[in-house]
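Descriptive structure summary
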Amino acid sequence: MRKRVFFLFTMVVMALMVGCGNHDKTPASVVDNSKETNTKHMKTIMIIDGDPRKNFNTASMLQKFAEGASSVSDQIEVKTVRLYDLDYKGCMSCMACKVKGKASNVCKYKDALTPILEEIAQADGLVLGSPIYFCDVTGQMRTFLERLAFPWLSYNDYSLTASKRMPVVLVETMNGTPERNNSNGYGSMEHCIAGALGEPERLIAYNTYQVKDYSRYELAGFSEEAKRQYRDEHWEEDLQRAFEAGRKMAYGIITK
Ligand SMILES: Cc1cc2nc3c(=O)[nH]c(=O)nc-3n(C[C@H](O)[C@H](O)[C@H](O)COP(=O)(O)O)c2cc1C
């Protein structure tokens, strides 16, 4: 009898110990909590790439920016969105963002851009990148900007208000040189960005290589030699400036 009581007692103690052990090890709740805390501290920089080419000048500048930003802290999350991979439209003039009582400073039109615009509204920093096409940013970038900026604009008092203000860098790459270029940059959109998010910083790579081998194309208007010389003198510096701009933005965000 005493033996059976002792056996039962031992079993109960062991069951309790195992139970305690389980509680101690409930990694699920502990890990989840720490994850939640980490996520709360994560700061997001959104990079919007408006270039059709995946591995050329603009993409390289944006990649360097991302590397610079990520090098500051593992609490900086950098997300790059390639506009040419998305199926979306420009502002549809649906006026949904201006309906009385339901006005919104984030576009309400639903397509592939919707989640990106929602993420930008909550982001901590924004970078836009585009080559210059016929003096302006690419059509895809312009189309994106219509959707980004129209909801910021109040037709009551013409103020510009985003969900939150954040640092912005505008990246351009082009054939033009500092002395001779036809770029309007982000044009009228720069005014909207400055009003709603804050004065943007501009990062420009001039006189870029448009193709890898000039001898294969009808590009006699360019001297490949002059292009190469300019590139040798400036391209690494341009990439370094992009890296530093990334570091600066991330550092500003972290220490804010
Ligand atoms: C359709 C088209 C139009 C362009 N128009 C201009 C222009 O007006 N001014 C300029 O300086 N470069 C112009 N360029 C050159 C590009 O801006 C330049 O090669 C740029 O660095 C390309 O970016 P990527 O290498 O990232 O694609 C044009 C290129 C294309 C394809």
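Residues numbered from 1 in each chain as written. Predicted model: local features only at pLDDT ≥ 70, side-chain atom pairs only at ≥ 80, totals over all residues.

The next point concerns the site of the ligand. Near the ligand you find 19 residues, and of these Phe-56, Thr-58, Pro-131, Met-174 and Gly-176 are the closest. It is helix 3 (residues 57-72) that provides the largest number of residues to the shell around the ligand, a total of 3 residues. When its residues are assigned to classes, the shell around the ligand shows 8 nonpolar, 9 polar and 2 charged. (Near = placed C-beta within 6 Å. Helix = DSSP H or I, 4+ residues; strand = E, 2+ residues; numbered from the N terminus. Nonpolar A, V, L, I, M, F, W, Y, C, P; charged D, E, K, R; others polar.)

A separate point is the nonpolar core. One finds Ile-45, Ile-47, Phe-65, Leu-126, Val-127 and Val-169 to be the most contacted residues of the largest nonpolar core, which totals 49 residues. Residues in contact with Ile-47, not counting those within four places in the same chain, are Leu-62, Phe-65, Ala-66, Val-78, Lys-79, Thr-80, Val-81, Val-127 and Gly-129. (Core = buried A, V, L, I, M, F, W, Y, C linked by C-beta atoms within 7 Å. Buried ≥ 20, exposed ≤ 12 C-beta atoms within 10 Å, placed from the backbone. Contact = placed C-beta atoms within 7 Å.)

Relative to each other, helix 3 and helix 7 (residues 224-254) sit at 40 degrees, their axes nearing to 7 Å. Looking at the two axes, helix 3 sits oblique to helix 7. In the crossing of helix 3 with helix 7, the sense of the turn from one axis to the other is right-handed. For the pair formed by helix 3 and helix 7, the contact residues are Ser-60, Met-61, Lys-64, Phe-65, Ala-66, Glu-67, Gly-68, Ala-69, Ser-71 and Val-72 on the first element and Asp-238, Leu-239, Ala-242, Phe-243, Glu-244, Ala-245, Gly-246, Arg-247, Met-249, Ala-250, Tyr-251 and Ile-254 on the second. Broken down by class, the residue content of the contact of helix 3 with helix 7 amounts to 13 nonpolar, 4 polar and 5 charged. (Axes fitted to C-alpha atoms, helices over the stretch in contact; angles between N-to-C directions. Parallel < 35°, antiparallel > 145°, perpendicular 65-115°, else oblique. Left-handed = near helix turned anticlockwise from the far one by under 90°.)

Relative to the helices and strands, Cys-91 is located in the loop between strand 2 (76-82) and helix 4 (114-122). Separated by 60 residues in the primary sequence, Cys-91 and Pro-151 place their C-alpha atoms 9.5 Å from one another. If we skip the residues at most four places from it in the chain, Cys-91 touches Glu-146, Arg-147 and Phe-150.

This next bit is on the pairing of strand 4 (residues 168-173). Of all 6 residues making up strand 4, 6 are buried, and the element is well covered by its neighbours. Neither face of strand 4 is open: one carries Val-168, Leu-170 and Glu-172, the other Val-169, Val-171 and Thr-173, and all of them are buried. In this structure, strand 3 (residues 125-131) lies alongside strand 4, joined through 6 bridges in parallel fashion. Within the sheet, the bridge partner assigned to Ser-130 lies in strand 4 and is Glu-172. Viewed along the sheet, the connection from strand 3 through helix 5 (residues 139-149) into strand 4 turns out right-handed. Two strands pair when backbone bridges link them, and strand 4 and strand 5 (residues 201-205) are joined in this way by 5 bridges, in the parallel orientation. Residue pairing in the sheet places Leu-170 in a bridge with Arg-202 of strand 5. Handedness of the crossover is the feature at issue here: the chain leaves strand 4, passes through helix 6 (residues 188-196), returns alongside strand 5, and the resulting connection is right-handed. (Pairing = 2+ DSSP bridges. Right-handed = clockwise from strand over helix to strand, strands pointing away.)

The next point concerns the sheet that holds strand 2. Strand order in this open sheet of 5 strands is 2-1-3-4-5, and the pairing throughout is parallel. Unpaired on one side and paired on the other, strand 2 and strand 5 mark the two borders of the sheet. Taking the axes of each pair of neighbouring strands and ignoring which way they run, one obtains an average angle of 15 degrees across the sheet. Bridge analysis of strand 1 (residues 43-49) against strand 3 gives 5 bridges, and the strand direction is parallel. Bridge assignment links Ile-47 to a residue of strand 3, and that residue is Val-127.

With that settled, consider the environment of Thr-44. Assignment of secondary structure puts Thr-44 in strand 1. Through-space distance from the C-alpha of Thr-44 to that of Val-78 is 5.8 Å; in sequence the pair is 34 residues apart. What Thr-44 contacts, discounting residues up to four positions off in sequence, is Glu-77, Lys-79, Ala-123 and Asp-124.

Three or more residues of helix 6 are buried, namely Met-189, Cys-192, Ile-193 and Ala-196. Buried residues of helix 6 fall within an arc of 100 degrees about the axis and therefore sit on the same side. Residues of helix 6 that are buried in the fold lie against helix 5 and strand 4. One or two steps after helix 6, the chain reaches Gly-198, where phi turns positive at roughly 135 degrees. (Arc of directions from axis to C-beta.)

On to the confidence of the model for the chain, then. Low pLDDT marks stretches whose predicted atomic positions should not be read closely. Here the chain shows a mean pLDDT of 88. Residues at 70 or above account for 84%. Contacts for the low-pLDDT stretch residues 8-37, under 50 throughout, to residues beyond four places or in other chains number 0 contacts. (pLDDT = per-residue confidence, 0-100.)

The subject of this paragraph is helix 7. Along its 31 residues, helix 7 runs 43 Å from first to last C-alpha, staying within 8% of the 45 Å computed at 1.5 Å per residue. Of all the bends in helix 7, the largest measures some 40 degrees and sits at His-234. Every buried residue of helix 7 is listed here: Asp-238, Ala-242, Ala-245, Gly-246, Met-249, Ala-250 and Ile-253. Those residues of helix 7 hidden inside the fold are in contact with strand 1, helix 3, strand 2, strand 3, strand 4 and strand 5. (Expected span 1.5 Å × (residues − 1). Bend = angle between axes of the 7 residues up to and from the residue.)

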